[in-house]
Amino acid sequence: MTRIYVPRDSSALALGADALAAAIEAEAQRRGVAIELVRNGSRGLLWLEPLVEVATPQGRIGYANVGCAEVGALFDAGFTQGGAHPRCVGPVDAIPYLQKQQRLTFARIGVTDPLSVEDYVAHGGLAGLKAALAMDGEAACEALIESGLRGRGGAAFPAGIKWRTVRGARAAQKYIVCNADEGDSGTFSDRLLMESDPYALIEGMIIAGVVTGASRGYIYVRSEYPHAIAALEAALVRAREAGWLGAGVLGTAHAFGLEVARGAGSYVCGEETALLESLEGKRGVVRAKPPVPALAGLYGQPTVINNVITLATVPVIFARGAAFYRDFGMGRSRGTLPFQLAGNVRQGGLVELAFGVTLRELVYDYGAGSASGRPVRAVQVGGPLGTYLPQSQWDIPLDYEAYAAVGAVVGHGGLVVHDDTSNLAELAQYAMHFCALESCGKCTPCRIGSTRGVEVIQRIRDGDRSPRQVQLLRELCDTMVSGSLCAMGGMTPYPVMSALDHFPEDFGLDAMPREAAA
């Protein structure tokens, strides 16, 4: 019996994967060909979706961008034996885009059935949890610190220090909260992992609970991710049945319960304290710090809040050792990061590599340049509040400290590519408009500053390019950076200032040093 894989993640579904799977089954039945259809996750090569794979003695052979109308021709070509066809891309593991990656966190995506407990364990699942159960909690925290794992949601705070703080806090109840409110434009790694390898996240959260003494966990997922929510909920049912969750984790004395919570569509709820407010059933408004959530988080109790990728990376660290993970990366940025190529790029998808790769390598070696065929002019890194990097900065290693040194952010690893037709002044104005729409309204610099920012940029674009207006915009941005309660207002000036500094011609201004403009 031939095993055929048709992906079930959102990108493939949007391109007709469900109908394609049904068409393949119907054609196989009509021809009397015995097949086993597996709905795997996506490999992350999104420009090839739907990517159908056929298991053969030579490995899994891929057929890219397959449509229902081509199913008959595929069978005629003998695709169930890996036969030649214009859609055939050869062995999937040998595709350079995938072969050159360093997949640690995303090693299983597209390979396994996302909901199969047996498939997960057969591909290394639970090894990290079993190792953590055999360790002392303090030693486990030290191992995580030694690995160099930092928060992958954008803040880059050392995960082990956060865990150690929660472990040391005295409380009858502690919580593990996963921030899966992935709302940044151009980012999809959280979604891809939750849909394609949900057990990696679940295992990571169980380990966090065991190590810190927390017995309850919540995965806060944005409501715009229905397929991720469905995958997680189905996986949780199977994990409970397998004894991974509940009163005795894998038969031990550790108890851990886990459930999914749906967000309500607020961008600012990606900020950890606003998320906690929402999770408690309140309006999503940012809390002032201190106290930090590690000491007074959900319902006022000690809480670990980590991003999806942070938690899903934990199992491989405990399974293979802190030193193994630390050996990837550079400087204080250790391990790998799933970079997400989006926007005007020919080969959009997920690229997991060690820190230190450059933007130029990602955009050209993996992304193959712009989808339009025009010159790439700017790349926004780190989501809608990230900076626009000009070509002169594309050879800086992607590293938290190296980017911070030039006023940029790595963030969640999202890259949005723009060609030479993009107007950076228009995009900068939209950044302020976006902030005005999504601000929780608690602090004045964000609530009022974003609206004033839209107005000032509009005046400049309308022709008032006097030094006074430019200085006003810069001072407004400085106020928002320094005075906002959270990154919503504090980072909105990043795309604005980078556009103004590197692409002044789009504002109708002459290129000049910032000091001169101020």
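Calculation notes
- Residues numbered from 1 in each chain as written.
- Predicted model: local features only at pLDDT ≥ 70, side-chain atom pairs only at ≥ 80, totals over all residues.
- Heavy atoms only, no water.
- Helix = DSSP H or I, 4+ residues; strand = E, 2+ residues; numbered from the N terminus.
- Rg over C-alpha atoms; globule rule 2.2 N^0.38 Å.
- Buried < 20%, exposed > 50% of the residue type's maximum accessible area, 1.4 Å probe, protein only.
- Contact = heavy atoms within 4.5 Å.
- Areas by Shrake-Rupley, 256 points an atom, 1.4 Å probe, with all protein chains shown as cover.
- Lys, Arg positive; Asp, Glu negative; His and termini not counted.
- Charge placed at Lys NZ, Arg CZ, Asp CG, Glu CD.
- Axes fitted to C-alpha atoms, helices over the stretch in contact; angles between N-to-C directions.
- Parallel < 35°, antiparallel > 145°, perpendicular 65-115°, else oblique.
- Left-handed = near helix turned anticlockwise from the far one by under 90°.
- Nonpolar A, V, L, I, M, F, W, Y, C, P; charged D, E, K, R; others polar.
- Pairing = 2+ DSSP bridges.
- Salt bridge = Lys/Arg side-chain N within 4 Å of Asp/Glu carboxyl O.
- Core = buried A, V, L, I, M, F, W, Y, C linked by side-chain atoms within 4.5 Å.
- Phe/Tyr/Trp six-rings, centres within 6.5 Å; stacked < 30°, edge-to-face > 60°.
- Polar contact = N/O pair within 3.5 Å; in protein donor to acceptor, adjacent residues only side chain to side chain.
- Expected span 1.5 Å × (residues − 1).

Asker: Would you mind going over the overall build of the chain in detail, with residue names and values included?
Answerer: On a plain count of helices and strands, the chain comes out with 22 helices and 16 strands. Its C-alpha atoms give the chain a radius of gyration of 24 Å, within 12% of the compact-globule value 24 Å for 518 residues. In terms of principal-axis extent, the alpha carbons of the chain reach across some 75 × 60 × 40 Å. Counting every position in the chain, which comprises 518 residues, the buried fraction comes to 58%. Taking the contacts inside the chain whose residues are at least 6 apart along the sequence as the reference set, 71% of them involve residues at least 24 apart. Carbon and sulfur atoms make up 52% of the accessible area of the chain, which totals about 19,400 Å². With 46 positive and 53 negative side-chain charges, the chain shows a separation of 3 Å between the mean positions of the two kinds.

Asker: Account for the packing of helix α17 (residues 424-438) against helix α18 (residues 444-461), naming residues and giving values.
Answerer: Their axes nearest at 8 Å, the elements α17 and α18 cross at an angle of 155°. By the angle between their axes, α17 is roughly antiparallel relative to α18. Crossing hand, α17 versus α18: left-handed. From α17, Ala-425, Glu-426, Ala-428, Gln-429, Met-432, His-433, Cys-435 and Ala-436 reach across to α18, where they touch Cys-446, Gly-449, Ser-450, Thr-451, Gly-453, Val-454, Ile-457, Gln-458 and Arg-461. Partitioning the contact of α17 with α18 into residue classes produces 8 nonpolar, 7 polar and 2 charged.

Asker: Quick rundown of the sheet that holds strand β7 (residues 216-221)? Include the residues and the values.
Answerer: Two pairing modes exist for strands in a sheet, parallel and antiparallel, and in both the strands are linked by backbone hydrogen bonds. With parallel pairing, the 4 strands of this open sheet are ordered in space as β8-β7-β6-β9. The sheet terminates laterally at β8 (257-262) and β9 (303-307), the two strands that pair on one side only. Neighbour to neighbour, the strand axes of the sheet diverge by 20° on average, direction disregarded. In terms of strand pairing, strand β6 (residues 175-180) meets β9 through 5 bridges, oriented parallel. Bridge pairing in β9 places Asn-179 opposite Asn-307. Contacting β6, β7, β8 and β9, helix α10 (residues 198-212) crosses the sheet at an angle of about 150° to β6.

Asker: Account for the pattern of salt bridges, naming residues and giving values.
Answerer: Evaluation of the coordinates by the stated rule reveals 29 salt bridges. Between Asp-76 and Arg-31 there is a salt bridge; the shortest N-O distance is 2.8 Å. Highlighted residues: Asp-76 in helix α3 (residues 71-76) and Arg-31 in helix α2 (residues 17-31), separated in sequence by 45 residues. Between Arg-150 and Glu-401 there is a salt bridge, with its nearest N and O atoms 3.1 Å apart. Of this pair, Arg-150 sits in the loop between α7 (137-147) and α8 (159-168) while Glu-401 sits in helix α16 (residues 400-405), and the two are 251 residues apart along the sequence. Looking at Arg-150, the relative accessible area reads 7%, which means it is buried.

Asker: Please set out the nonpolar core residue by residue, giving values where relevant.
Answerer: Counting residues in each nonpolar core, the largest one holds 66 residues, and the members touching the most others are Trp-163 and Leu-201. With 10 residues, the top contributor of residues to this core is α10. Those residues in contact with Trp-163 that lie beyond four places of it in its chain are Cys-141, Leu-144, Gly-204, Ile-207, Ala-208, Val-211, Thr-212, Val-304, Asn-306, Leu-311 and Val-314. Grouped together as the second largest cluster of nonpolar side chains are 35 residues, Val-268, Val-286, Tyr-388 and Val-470 included.

Asker: Outline the environment of Tyr-299, supporting the account with residue identities and numerical values.
Answerer: With respect to the secondary-structure elements, Tyr-299 resides in the loop between α12 (272-279) and β9. Not counting the four nearest positions on each side in its chain, Tyr-299 is found in contact with Tyr-175, Leu-279 and Glu-280.

Asker: Kindly report on the packing of aromatic side chains, identifying the contributing residues and their values.
Answerer: Evaluation of the coordinates by the stated rule reveals 14 aromatic pairs. Note on Tyr-120 and Trp-244: the rings are 5.9 Å apart at their centroids and 45° apart in plane angle, and the pair reads as tilted. A residue pair is termed long-range when its members are at least 10 positions apart, and Tyr-120 in helix α5 (residues 117-122) and Trp-244 in the loop between α11 (226-241) and β8 qualify at 124 residues. No difference in accessibility class separates Tyr-120 from Trp-244, as the two residues are buried. Plain terms: the ring middles of Tyr-267 and Phe-434 are 4.8 Å apart, the flat faces sit at 75° to each other, and that makes the pair edge-to-face. Taken together, the residues span a long stretch of sequence, with Tyr-267 in the loop between β8 and α12 and Phe-434 in helix α17 at a distance of 167 residues.

Asker: Go over the side chain of Arg-103 with me, naming the residues and quoting the values.
Answerer: Relative to the elements of secondary structure, Arg-103 occurs in the loop between α4 (96-99) and α5. Comment: no salt bridge for buried Arg-103; closest opposite-charge side chain is Glu-352, at 5.0 Å. Within the structure, Arg-103 has its side chain in polar contact with the side chain of Gln-101 (distance 2.9 Å). At 3.2 Å, the side chain of Arg-103 forms a polar contact with the backbone oxygen of Leu-350.

Asker: Give a detailed account of the sheet that holds strand β15 (residues 387-389), specifying residues and quantitative values.
Answerer: What the 5 strands build is an open sheet, ordered β13-β12-β16-β14-β15; its pairing is mixed. The sheet is open, and its two edges are formed by β13 (349-354) and β15, each paired on a single side. Here the strands of the sheet are splayed against their neighbours by 30° on average, with no regard to which way each runs. Relative to β15, strand β14 (residues 376-381) runs antiparallel, the two sharing 3 bridges. Of the residues in β15, the one forming a bridge with Val-379 is Leu-389.

Asker: Account for the environment of Arg-240, with residues named and values stated.
Answerer: Along the chain, Arg-240 falls in helix α11. Contact partners of Arg-240, with chain neighbours within four places excluded, come to Leu-245, Leu-258 and Glu-259.

Asker: Please set out α10 residue by residue, giving values where relevant.
Answerer: Here α10 is 15 residues long and its end C-alpha atoms lie 22 Å apart, about the 21 Å a rise of 1.5 Å per residue gives. Of all 15 residues in α10, 15 are buried, a share of seventy percent or more. Phi turns positive, to about 85°, at Gly-213, one or two residues after α10.

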